[in-house]
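Tertiary structure, described
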There are 2 protein chains.
Amino acid sequence: MNDLNSGSTLITGGTGFAGSHLIEYLLNQQLVNPELLHTTYYSDVPDYLAHRLPAQNFHKIDLTSIQATNQLLALIQPKFIYHLAAFASVGNSFEKSRQAVLNNISLQLNLLEAIQNQVHQARLLLIGSAESYGISQPDELPIKEDHPFRPVNPYGVSKLAQEMLGYAYAQSWQLDIVRVRPFNHIGERQTADFAIPSFAKQIVAIERGHQPTLKVGNLDAIRDFTDVKDMVKAYQLLVATGISGEVYNIGSGQGKTMKEVVELLCSLSTVSIQVEVDQSKLRPLDIPVVIANNERVRQLGWQPTISLLSSLQRVLEYWRAQ
Amino acid sequence: MNDLNSGSTLITGGTGFAGSHLIEYLLNQQLVNPELLHTTYYSDVPDYLAHRLPAQNFHKIDLTSIQATNQLLALIQPKFIYHLAAFASVGNSFEKSRQAVLNNISLQLNLLEAIQNQVHQARLLLIGSAESYGISQPDELPIKEDHPFRPVNPYGVSKLAQEMLGYAYAQSWQLDIVRVRPFNHIGERQTADFAIPSFAKQIVAIERGHQPTLKVGNLDAIRDFTDVKDMVKAYQLLVATGISGEVYNIGSGQGKTMKEVVELLCSLSTVSIQVEVDQSKLRPLDIPVVIANNERVRQLGWQPTISLLSSLQRVLEYWRAQ
């Protein structure tokens, strides 16, 4: 197992959704000394994070610049890198396809180049996505890591390209890279571009009398939800014990219809919620079923610990506090 | 079968290596009326092509611009599109990784967006690459289209990303896309960034007394070579008869060691050639064996017709004429 205090740790995108949970987890569990923990950020450092790390460990960096990325790695000399910075919205990835694809690929490429140039021995956790699997045949479920790639949106393509760049650099330059393919994850601080927070935000608006009905997309879709707090535990575990060159699904292994999830959320509301399907929320093509086979990461000792209901409860409370 | 004169044809990169052979093939075989054949170009139109098409059918366009790409497709309204424009050098793709990856992906994305916006019914031939397969296990040879993706250089990643973007757009927006994965192809006009033309150019220099020895890279590598003239025949056949959404390997199905190829080339020289392995020509990681399973394209009636020896003879004559 890697000693996580044997060198410094860099989280790109540490002020984002998963990133902020990861920072809290690493610090709360005393897995990493705060002096050794660095993060990049894009616009602002949120208040709840600002006091958790020394001020100089927050780096405002344009990761689309190879010069800036090189300089950052030369300065920090990280031994462990969690690369979470990305254009993350699947739903927006057709409308903003250039941003999603070119941004994600450009960041990954710069980071790989900078690792090769500056910190050749560093371990990189490369974040792919279950979106790269795309459409599954019934006999391909639950989805194993060797499932074919049939992405149906630019986001899924961008994450596949990130992974494959990591694969090529690892093979050609002996970099230490562990890849993960997270399935849907939820929790506080996720933006309302995503389905669950959008539902929660609307329910709060209904509770406050600002909105009459809950507008939803395709309720037949089956998805595999993991609490973001369980997700970032897996990230840390993989940096500590993952096999170099290997790729790991991270998901609960349980499929839920979006209808079930909406019903659970509604059951947590203080008022009665009327649900309405909004055609504008339907995607050009929605993948019918996504369920993870998580055997590989389970063998390292990971398992989900937080129930869907309690995740949803927290998400709802987060939006009530906004 | 698609009637190739039922609308106009656009070739992106028609003044490049494969592109120029494709234009000549389509015109020489009278498969497309020259009035209906358009091409983009990057810097100049070579003399041997300039007289083959009406001057206004050569379009100097920056395909990295979505505006320019949209305007071009709105103007031409192509029914058939061969997208050959790309950063093509595998050997340079680590050194110039940003160019290779971002350029190829950006062009593909723009073209897909422009097709969706302007000519939704057009058929696109999307050029992937056997480089996306990367490393094969012995039981995975010859390489079928469902071989896993293990690219070892940025070029192979860029071509995979292009394909997957095509897949995602086709699935989500019902575009008519046929994908191909060409294996190595050779012929006159290929630049000396590639192995065979580099060898031929050197042999000519040796014949002229300008260079003492033939410097080569890894001679143990096994590759599958197809004449570019056979390759472009397959491209035309697939536009005419390929199955929408399908992907096709194009290669001879025959593996040759680079040593055999070098020996054949040397046997065609007028002088005795001394061969020397140049460490600087070795790649960080060279794929040991690449051989195509070409059954799928053979079922459409394609087969290679030109022997390796006569391809090499033409390549050598091309460099003698420079």
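Worth saying up front: this structure is predicted, and the values here are computed from it rather than measured. (Residues numbered from 1 in each chain as written. Chains lettered and ligands numbered in written order. Predicted model: local features only at pLDDT ≥ 70, side-chain atom pairs only at ≥ 80, totals over all residues.)

Now for the sheet that holds strand S6 (residues 176–182) of chain A. Remark on secondary structure: sheet strands pair via backbone hydrogen bonds, oriented parallel or antiparallel. Residue and element names in this part refer to chain A. Overall, parallel pairing links the 7 strands, which are arranged S3-S2-S1-S4-S5-S6-S11 in an open sheet. Each edge of the sheet is formed by a strand with only one pairing partner; in this case those strands are strand S3 (58–60) and strand S11 (247–250). Taking each pair of neighbouring strands and ignoring which way they run, the sheet shows an average axis angle of 20 degrees. (Pairing = 2+ DSSP bridges. Helix = DSSP H or I, 4+ residues; strand = E, 2+ residues; numbered from the N terminus. Axes fitted to C-alpha atoms, helices over the stretch in contact; angles between N-to-C directions.)

The subject of this paragraph is unusual backbone geometry. Of note, the bond from Leu141(A) into Pro142(A) is cis; its omega dihedral lies within 30 degrees of zero at -10 degrees. The phi angle at Gln30(B) is positive, at roughly 50 degrees, despite the residue not being glycine. Overall, the presence of 9 C-beta atoms within 10 Å leaves Gln30(B) in the exposed class. In this model, Arg189(B) sits at a positive phi of 80 degrees, which is unusual for a non-glycine residue. Among the secondary structure elements, Arg189(B) is positioned in the loop between strand S7 (185–186) and helix H6 (195–207). Look at Arg189(B) and you get partly exposed, because 17 C-beta atoms sit within 10 Å. (Buried ≥ 20, exposed ≤ 12 C-beta atoms within 10 Å, placed from the backbone.)

Here we come to the relation of the copies chain B and chain A. Expressed as a screw transformation, the operator carrying chain B onto chain A has a rotation angle of 180 degrees and an axial translation of 0.0 Å, and the superposed copies differ by an RMSD of 0.0 Å. Taken together, the rotation and translation describe the operation of a two-fold axis. In terms of proximity to the rotation axis, the leading residue of chain B is Ala161(B), whose C-alpha is 2.8 Å off the axis. Both copies present the same face, since 100% of the interface residues in chain B are matched by interface residues at the equivalent positions in chain A. (Least-squares fit on C-alpha atoms with pLDDT ≥ 70 in both. Contact = placed C-beta atoms within 7 Å.)

All names here are of chain A. With 5 of 5 residues buried, strand S2 (residues 37–41) lies mostly within the body of the structure. Here S2 shows a buried face lined by Leu37, Thr39 and Tyr41 and a second buried face lined by His38 and Thr40. One crossover worth recording links strand S1 (residues 8–12) to the parallel S2 by way of helix H1 (residues 17–28), and it is right-handed. As paired strands, S2 and S3 are joined by 3 bridges and run parallel to one another. Looking at S3, one finds that Thr39 is bridged to Phe58. (Right-handed = clockwise from strand over helix to strand, strands pointing away.)

Don't take any of this as a statement about function, it's just geometry.
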